[in-house]
Amino acid sequence: MAKSPNYILCIETANTVTSVAISKDGVCIALKEIQEPNKAADALHLLVEATLKEAELTFSNLHAIAISTGPGSYTGLRIAAAAAKGYCFALNIPLIAISTLQAMVHGIIERYHQNDFDIYVPMIDARRMEVFTSFYDKKLNCTSYFTSLIIDEQCNNLFNPEKRYILFGNGAAKTKIYNLSANVYIDTNYIPSALDICNLAAIEFSKNNFQDIAYYEPQYYKAFHSTSH
């Protein structure tokens, strides 16, 4: 008897896009996204409905919900977490959390075909001269972990001259004002997508690596501070 396919709804709102994909056994079969910041609150549920329609599926066909867990936009992460929890509770299906930085590395390698580097450095804008980042090898293993990093003239000390690095994401442009080593390449073209979550979510699903829906919190990294006007 043929094995039934697994369908996972994947959500990316940690960066500057609102992106929704549906994967079938790790392969994206439908994708809807808005490449405009701060649209998750207005557009997420509509994108989910449109993506299901494109895939010719209903909510009852889904086997799990996967979300980009951060770091990234505090508001975007909260919106995705609330939506995913609601779907999971209503459908009685598991929640999968995928590191935003790891998904970015997967995306720059697979979608942008940047596979000739030793170390991959995804960078998410954390305001001022700060970025959320960590260093990864091409197998998606974290080689240097940071909660956040301030970009300054000392950054060159982080790079091994015997290795080739690629810095990418919406925080990478901040490094251009410093004279980084010749072995460090800056790519400002990368745009995040839920597509980058699909394969990683399927792997976690196969391992039954699920979150506790009631207690799950995104990886904010920095505390949220409200401002008065």
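Keep in mind the model is a prediction, meaning the values are calculated, not measured. (Residues numbered from 1 in each chain as written. Predicted model: local features only at pLDDT ≥ 70, side-chain atom pairs only at ≥ 80, totals over all residues. Heavy atoms only, no water.)

Asker: Would you take a moment to explain the packing of helix H3 (residues 100–110) against helix H4 (residues 195–206) for this structure?
Answerer: A packed helix pair is summarised by two numbers, namely the angle formed by the two axes and the spacing between the axes. Remark: H3 packs on H4, axes separated minimally by 8 Å, with the N-to-C direction vectors making an angle of 110°. Classified by the angle between their axes, H3 and H4 sit roughly perpendicular to one another. Every residue of H4 that contacts H3 at Gln102, Ala103, His106 and Gly107 is listed here: Asp196, Ile197, Asn199 and Leu200. Of the residues assigned to the contact of H3 with H4, the class counts are three nonpolar, four polar and one charged. (Axes fitted to C-alpha atoms, helices over the stretch in contact; angles between N-to-C directions. Helix = DSSP H or I, 4+ residues; strand = E, 2+ residues; numbered from the N terminus. Parallel < 35°, antiparallel > 145°, perpendicular 65-115°, else oblique. Contact = heavy atoms within 4.5 Å. Nonpolar A, V, L, I, M, F, W, Y, C, P; charged D, E, K, R; others polar.)

Asker: What should I look at first to understand the packing of aromatic side chains in this one?
Answerer: Where two aromatic rings form a pair, the distance of their centres and the angle of their planes describe that pair. Under the counting rule described, the total for this entry stands at 11 aromatic pairs. Note on Phe135 and Tyr165: the rings are 6.0 Å apart at their centroids and 65° apart in plane angle, and the pair reads as edge-to-face. On the criterion of sequence distance, the pair formed by Phe135 in strand E7 (residues 130–136) and Tyr165 in strand E10 (residues 165–168) is long-range, its members being 30 residues apart. Taken as a pair, Phe135 and Tyr165 share a single burial class, namely buried. Judged by its relative accessible area of 4%, Tyr165 falls in the buried class. Ring pairs connect the aromatic residues Phe135, Phe146, Phe159 and Tyr165, which therefore count as one cluster. Here the basic side chain of Arg164 rests over the ring of Phe117, its NZ or CZ set 4.5 Å away from the ring centre. (Phe/Tyr/Trp six-rings, centres within 6.5 Å; stacked < 30°, edge-to-face > 60°. Buried < 20%, exposed > 50% of the residue type's maximum accessible area, 1.4 Å probe, protein only. Lys NZ or Arg CZ within 6 Å of the ring centre and 35° of its normal.)

Asker: So what exactly am I meant to see when it comes to the layout of surface pockets here?
Answerer: To locate leftover empty space, one rolls a probe as large as a water molecule over the atoms. By volume, the second largest pocket is sized at about 200 Å³. For the lining of the second largest pocket, the elements supplying multiple residues, two or more each, are strand E5 (95–98) and H4. Among the elements that line the lining of the second largest pocket, the one with the most residues is H4, at three residues. (1 Å grid on protein atoms, 1.4 Å probe; cavity = no way out; pocket = protein on both sides within 12 Å on 5 of 7 lines; lining within 4 Å. Points joined across faces, edges and corners; volume = space filled by probe spheres on them.)

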